Amino acid sequence: MSVNPEAPKAKIIPKKLKKHNEIRIDNYFWLNDRENPEVIDYLNQENAYYESMTAHTKDFQKELFEEMKGRIKEDDQSVPYLYNGYYYITRFEKGQDYPIYSRKKGSLDAKEEILFDCNELAKGYSFFQLGGLSVSPDNRFASFGTDMVGRRIYTIKIKNLETNEILSDTIENTTGGSVWANDNQTLFYTRQDKVTLRADTIYKHKLTTDSKDDVLVYEEKDETFNVSVGKEKSKKYIVIGAESTMTTEYRILNSDTPDAEFKVFQPRVRGLEYSISHFGDSFYILTNKDKATNFKLMKTPENATEKKHWKEVIPHRESVLIEDIEIFRNYLVVEERANGLNHIRIMPWNGEEEYYLPFGSETYNAYTTTNVDFDTDVLRYSYQSLATPSSVIDFNMKTKSKEIKKEQAVLGGKFDKNNYIEKRIWATAKDGTQVPISLVYHKDLKKDGTNPLLLYAYGSYGVTMEPYFSTTRLTLLDRGFIFAIAHIRGGEDLGRQWYEDGKLLKKKNTFTDFIDCSQFLIQEKYTSPAHLYAEGGSAGGLLMGAIINMAPELYHGVIAQVPFVDVVTTMLDDSIPLTTGEYDEWGNPNTKKYYDYMLSYSPYDNVKEQVYPNMYVSTGLHDSQVQYWEPAKWVAKLRTHKKGDAVLYLNTNMDAGHGGASGRFEAIKELAKEYAFLLDLEKIKK
């Protein structure tokens, strides 16, 4: 009879943390040192413990991996799009982890030019990411960023697409993206602070010069703002954006005059958010000006951009959130959200009658995709739902005809969307608010309270959790699982107010909404506490940490991916990436009322002696968003406080960052670990 190994116990070294004349004791603060061999040793011990405790599922993990991999079209490619005379394509080859970027001149029958084969570039690295691919207006050069560690720190290089040589230009410590001026010689890019990784400066680089001679164009001094640089679809303007959680500011420069000065579009005003799109001799502005919580569309001449000149085009509506706009020569396309669902509105510039694209399902996800061509009547959009594979559709706005360019392939010969039921139900939160839940499950399932159910949510930063299709999720559905998304407050699922009601001093609504959704699913006999599982990552990992402190008895198992769980200590440390820019989301704990409120829900600070659910916690050693030590400290503390015999695993990827493994198959292996954890708890093997 095998004996389970003893769980690792991290050393206790009490550290006093003083703030507002109060003292917190952090026994595991010492884990906050990536260079300390004892820290690495502890993480390795936790990994070894996880491997040993799950050794009986290793073959099952392989089986799950092969099953999920078997549904994926390995030699897949994107729908080509035409830009500046070339069709651009991203494709994968069988057995390869990384994409190949290519293009064809003028026709899809033309000879393929390989721009970047990421499989070659990734050789010798355990992590690889290519980002910010940008082609010069004359089609001769491509700038691109590479990250070999996973901390989202990119080095930009430039490739001559005619000779295939990589130029000597090397620009380090960037966000990866860059934009070309119309002279084909000047490149604008964003640099990061070396410690906090905040995107804080915009530089100008001239082709074939040394990057140490690059010119600083803009520096953002306010630590709560991040900066970026891009180009308008009309190609006339280069735009610098400065953005915080609730305030934006833009600077514009004619793309033909890269050495001129950028001009402020509208100076920042705290609480004023706006985004800009150029068309003809005007800019269109999506903004919350005049308390337009759900945003309205305005317009201003390109030579008079301050807000006093803005004129209303689409007014603010209480029940409709304007999410984005897409401008074409003959049409304005507006992406809206009402009652939690996407709507795409087509508005001809010539005054002809506007209309909406028809979507029949009660829960779905529809959005515009790659629309780089300004002079076209064709809108490209994507549609999917929990049971419907993703389609890319070209819609002719003039003739109203549509062509499905591609439907996501589900290989293996077993998938039939008619075998699954998808629906949207509404749970009542404790304050009476109606919270939507999207569900999908196999049609043969009976609502008798015995079904395993995985409830997923995020609930922060105004991020909407769309009901999306997943081929890998079929592995759970076909084994009797229900998959559900709780569209809780803190996201923007039901409009901007939905976000406002789940942040700062209302953050706890996010957690209680999730618990209320869980109780509703149990009450309606979809599942029971013995079969209910919860999952969330990053800020969704904070959610997981909060709910297991508040209502551990509701869940049989919890998956927390790269969880943000040490809220107070992290938000007091302004050297950590993202911290200062997060004050408008969580509050600034240097102010007592925010400190007290955060302390009242911070998962790490509220671990107590009680029975916790079975838990699988994952993180990456090089994570720049949520530092590895947050989950490491949390698990160490849980080990000393949890009662009962529930399992607790910490699995650290020693090579990856916030997004997990970089290769597509490596990512599926990580998913197989999570699914094996769930299915093993349910004793489901086949």
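Here is a short report on the structure shown in this document. In this text, all values refer to a predicted model and were calculated from it rather than measured experimentally.

This part takes up the packing of helix H1 (residues 37-53) against helix H11 (residues 629-641). H11 packs onto H1 with a crossing angle of 65° between their chain directions and a minimal axis gap of 12 Å. Between H1 and H11 lies a crossing of left-handed hand. Where H1 approaches H11, its residues Tyr42, Leu43, Glu46 and Tyr49 are matched on the opposing element by Ala632, Val635, Ala636 and Arg639. Residue composition of the contact of H1 with H11, by class: 6 nonpolar, no polar and 2 charged.

Our next topic: helix H2 (residues 58-70). Spanning 13 residues, H2 covers 18 Å between terminal C-alpha atoms, matching the ideal 18 Å at 1.5 Å per step. All of the buried residues in H2 are Phe60, Gln61, Leu64, Phe65, Met68 and Lys69. Seen from one end, H2 has its buried residues packed into an arc of 165°, which puts them on one side. Across H2 from its buried face, at more than 90 degrees, point the exposed residues Asp59 and Lys62. Where H2 is buried, its residues touch H1, helix H4 (474-477) and helix H12 (664-681).

To continue, consider the sheet that holds strand E39 (residues 648-653). Reading across from one edge, E30-E31-E33-E32-E34-E35-E37-E39 is the order of the 8 strands in this open sheet, with mixed pairing throughout. The outermost strands of the open sheet, each flanked by one partner alone, are strand E30 (420-428) and E39. Sheet twist, expressed as the average angle between the axes of neighbouring strands with direction ignored, equals 20°. Strand direction decides the pairing type here: strand E32 (residues 453-456) and strand E33 (residues 482-486), joined by 4 bridges, are parallel. Within the sheet, the bridge partner assigned to leucine 455 lies in E33 and is alanine 484. Packed onto the sheet, H1 meets strand E37 (614-620) and E39 and runs at close to 120° relative to E39. Against the sheet, H11 touches strand E35 (557-561), E37 and E39, its axis set at about 160° to E39.

Taking burial as the measure, the 8 residues of strand E24 (residues 341-348) include 7 buried ones, the bulk of the element. Two elements, strand E23 (residues 331-338) and E24, share 8 bridges in a ladder whose sense is antiparallel. Its bridge partner lying in E24, valine 333 is registered against isoleucine 346. Here E23 hands over to E24 after 2 residues, with asparagine 339 in that stretch at a positive phi of 55°. In this sheet, strand E25 (residues 355-356) lies alongside E24 in antiparallel orientation, the contact comprising 2 bridges. Looking at E25, one finds that isoleucine 346 is bridged to tyrosine 355. Linking E24 to E25, which pair antiparallel, is a turn of 6 residues; within it glycine 351 sits at a positive phi near 90°.

Residues Phe514 and Trp634 are the most contacted members of the largest nonpolar core, which totals 111 residues. The element best represented in this core is H12, accounting for 10 residues. Among all residues touching phenylalanine 514, those that are not within four sequence positions of it are Leu455, Tyr456, Ala457, Ala486, Ile488, Ala534, Leu543, Met544, Ile547 and Tyr555. In this structure, Val333, Ala366, Leu379 and Tyr381 belong to the second largest nonpolar core, which totals 17 residues.

Procedures and definitions
- Residues numbered from 1 in each chain as written.
- Predicted model: local features only at pLDDT ≥ 70, side-chain atom pairs only at ≥ 80, totals over all residues.
- Heavy atoms only, no water.
- Axes fitted to C-alpha atoms, helices over the stretch in contact; angles between N-to-C directions.
- Helix = DSSP H or I, 4+ residues; strand = E, 2+ residues; numbered from the N terminus.
- Left-handed = near helix turned anticlockwise from the far one by under 90°.
- Contact = heavy atoms within 4.5 Å.
- Nonpolar A, V, L, I, M, F, W, Y, C, P; charged D, E, K, R; others polar.
- Expected span 1.5 Å × (residues − 1).
- Buried < 20%, exposed > 50% of the residue type's maximum accessible area, 1.4 Å probe, protein only.
- Arc of directions from axis to C-beta.
- Pairing = 2+ DSSP bridges.
- Core = buried A, V, L, I, M, F, W, Y, C linked by side-chain atoms within 4.5 Å.

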